Amino acid sequence: MRIRRKNREAFEEHSYWQSYSDMMAALLLIFVLIIAITLAIYKQKTTDLDQARADLALSQEDLSAAQADLEEYRAAIEKSNGELAASLEELQQAYANAALTQDELNKAYLEIDSARQELNTTRQELENIVGIRTDIIGALQSAFNNSTMSVDAQTGSITFSSDLLFPNNSAELSEESRKTLKEIIPMYLDVLLQDNFKGYIAEIIIEGHTDTNGSYEWNMELSSRRAFSVADFCLDARNGLTEEKIAQLRGLLTVNGRSFSRPVYGTDALGRPTSEINMEASRRVEIKFRLKEDEMIEKIAEVLGQR
């Protein structure tokens, strides 16, 4: 009995340590398993962290690229804004210039209208002068219809032969010439100084002319003295003009000596002018008139010069 009991106690003691060993092995296995699992988790976490870091690096690159694109876009916008501002400034300047141009254009239109009115007025005055010249010449021709003196149909002038008015190389009017002048001069000047025409007369001219015999200076003196002799005759109240018309004549009369600067040339059988001077016809005294057309032409030139 004692031997069985000892064997059983010995067996029981051995069974306890075996259980403890199994338990420790199980614990060790569990610990190893935990360590393995922990290492696996750590490795996975490390892998995930590396992937996250890689993704983060890629995201940062994308962000950097996006920021670069944004900066480029912002620069493009700023450039566009600058161009837009410049375009707006140019547009405003264009509007200002357009307004200024319109003002200048309106001013030009007003000046053109004013010039047109002036030109129309001047043209009407010139047309009146042309008509007046025709009327004056017609009135002179009517007045001299029954006279031996002829009126030039183009200029309205009358011409006296110096041979009939003066002795040779003299400026003294002969008695016979005084009778002729007393008949002719009042008829001619009465027409020019009548109320219908005197406002259009700018000048009444008496011109002396000679032939080509002698020097130019001598003939200038002779032609001037002969013209003055006729002018003195016209201004003498005893020769047919009233004091009123003599006063008017003094304000219009011009006396010139032309020597032989404007000789009269002869004509052939067909009436064509030749190069030969007609000496007798060149010795003459002309009385003519000038209308205010010269002043009108100067006025037109002045108006045109202001444009």
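Residues numbered from 1 in each chain as written. Predicted model: local features only at pLDDT ≥ 70, side-chain atom pairs only at ≥ 80, totals over all residues. Heavy atoms only, no water.

So, about unusual backbone geometry. Its identity is not glycine, yet N169 carries a phi of approximately 60°, on the positive side. Along the chain, N169 falls in the loop between α2 (162-165) and α3 (175-192). With relative accessibility at 45%, the residue N169 sits in the partly exposed group. In this model, S259 sits at a positive phi of 50°, which is unusual for a non-glycine residue. Take S259: it is sitting in the loop between β3 (253-257) and β4 (265-267). (Helix = DSSP H or I, 4+ residues; strand = E, 2+ residues; numbered from the N terminus. Buried < 20%, exposed > 50% of the residue type's maximum accessible area, 1.4 Å probe, protein only.)

The next subject is the layout of surface pockets. Leftover empty space is mapped by rolling, across the atoms, a probe with the size of a water molecule. Quantified by volume, the largest pocket comes out at close to 220 Å³. Around the largest pocket, the lining is made up of 13 residues, and of these T148, M149, F160, L164 and T180 lie nearest the centre. At the level of elements, β1 (158-161), α2 and α3 are the ones that each hand at least two residues to the lining of the largest pocket. With five residues, α3 is the largest single contributor of residues to the lining of the largest pocket. Here the lining of the largest pocket is composed, by residue class, of five nonpolar, six polar and two charged. (1 Å grid on protein atoms, 1.4 Å probe; cavity = no way out; pocket = protein on both sides within 12 Å on 5 of 7 lines; lining within 4 Å. Points joined across faces, edges and corners; volume = space filled by probe spheres on them. Nonpolar A, V, L, I, M, F, W, Y, C, P; charged D, E, K, R; others polar.)

Helical geometry: 3.6 residues make up each α-helical turn, so side chains three or four residues apart lie on a common side. Across its 18 residues, α3 extends 26 Å between first and last C-alpha, which sits within 8% of the 26 Å expected from 1.5 Å per residue. By the largest-angle criterion, L181 marks the main kink of α3, which is about 30°. Those residues of α3 not exposed but buried are S177, L181, I184, I185, P186, Y188, L189, V191 and L192. (Expected span 1.5 Å × (residues − 1). Bend = angle between axes of the 7 residues up to and from the residue.)

Burial along β1 is one-sided: I158 and F160 are buried, and none of T159 and S161, which face the opposite way, are. Pairing geometry for β1 and strand β6 (residues 284-291), over four bridges, is antiparallel. Opposite F160, over in β6, you have V285 as the bridge partner. (Pairing = 2+ DSSP bridges.)

Within the structure shown, the criterion is met by two aromatic pairs. Taking the centre distance of 5.3 Å and the plane angle of 90° together, the rings of Y216 and F260 count as edge-to-face. A residue pair is termed long-range when its members are at least 10 positions apart, and Y216 in helix α4 (residues 216-234) and F260 in the loop between β3 and β4 qualify at 44 residues. (Phe/Tyr/Trp six-rings, centres within 6.5 Å; stacked < 30°, edge-to-face > 60°.)

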